Amino acid sequence: MKEYKVVVLGSGGVGKSALTVQFVTGTFIEKYDPTIEDFYRKEIEVDSSPSVLEILDTAGTEQFASMRDLYIKNGQGFILVYSLVNQQSFQDIRPMRDQIVRVKRFEKVPLILVGNKVDLESEREVAGSDGRALAQDKTMVDELFAEIVRQMNYSSLPEKQEQCCTACVVQ
């Protein structure tokens, strides 16, 4: 069974842990408890192939930003999360992507962008058109994690390493 290391990155309070816990346990957590670092393992099947995901749910606060290089160095695929109700979290995504490219030393890394908190439409600060400028439209939490496995599989093929491996989930 193949194992994949997925790193979930984003600003504080954007819902990284909520997405990850929902995927791993099937339950949605409503209370916000700032994460320093949480590690999860889950067996899944993607395209009829059994896989094990090792998911690192990272801190979004600046005080732990110095640890990001280490997370990125050890990760194979990345899920970048921003909140649709927080414009600054959206602005923070580009520097995070740039940091991934700098640390990995490769422009085309398996990466998915997620615009989270679509249920809070009345508080929305990030326009859908802004998110779509960075992304293609997709949905479903389980599909998000399956897609990152597909991208890691795809990018591990030598003939595919020069092609883009970025997909996005934006509402």
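Conventions adopted
- Residues numbered from 1 in each chain as written.
- Predicted model: local features only at pLDDT ≥ 70, side-chain atom pairs only at ≥ 80, totals over all residues.
- Heavy atoms only, no water.
- Helix = DSSP H or I, 4+ residues; strand = E, 2+ residues; numbered from the N terminus.
- Buried < 20%, exposed > 50% of the residue type's maximum accessible area, 1.4 Å probe, protein only.
- Areas by Shrake-Rupley, 256 points an atom, 1.4 Å probe, with all protein chains shown as cover.
- Core = buried A, V, L, I, M, F, W, Y, C linked by side-chain atoms within 4.5 Å.
- Contact = heavy atoms within 4.5 Å.
- Pairing = 2+ DSSP bridges.
- Polar contact = N/O pair within 3.5 Å; in protein donor to acceptor, adjacent residues only side chain to side chain.

Engineer: Looking at this structure, I do not really get the overall build of the chain. What am I missing?
Structural biologist: When you go through the chain residue by residue, the secondary structure sums to six helices and six strands. Start at the N end of the chain and walk to the C end: the helices and strands fall as β-α-β-β-α-β-α-α-β-α-α-β. Taken across its 171 residues, the chain has 46% of its residues classed as buried. Counting every atom, the chain has about 9000 Å² of accessible surface; 49% of that belongs to carbon and sulfur.

Engineer: Looking at this structure, I do not really get the nonpolar core. What am I missing?
Structural biologist: In this structure, L53, I79, V81 and V149 are the most contacted members of the largest nonpolar core, which totals 20 residues. Those elements giving two or more residues to this core turn out to be strand 1 (2-10), helix 1 (16-25), strand 2 (37-46), strand 3 (49-58), strand 4 (77-83), strand 5 (111-116) and helix 6 (141-155). With four residues, the top contributor of residues to this core is helix 6. Contacts of V149, omitting those with residues within four sequence positions, involve Y4, I44, V46, S51 and L53.

Engineer: So what exactly am I meant to see when it comes to the pairing of strand 4 here?
Structural biologist: Side-chain positions along a regular strand alternate between the two faces of the sheet. Counting buried positions over the seven residues of strand 4 gives seven, a clear majority of the element. Of the two faces of strand 4, both are covered, the one formed by G77, I79, V81 and S83 as well as the one formed by F78, L80 and Y82. For strand 1 and strand 4, the ladder comprises five bridges, and the chain directions are parallel. Residue pairing across strands places V7 opposite F78, the latter belonging to strand 4. Two elements, strand 4 and strand 5, share six bridges in a ladder whose sense is parallel. Counted as the bridge partner of L80 is L113 from strand 5.

Engineer: Explain the side chain of N116 to me, please; I cannot follow it from the model alone.
Structural biologist: Note that N116 resides in strand 5. A polar atom in the side chain of N116 sits 3.0 Å from the backbone oxygen of V14. Contact partners of N116, with chain neighbours within four places excluded, come to V14, G15, L19, V81, Y82, S83 and L84.

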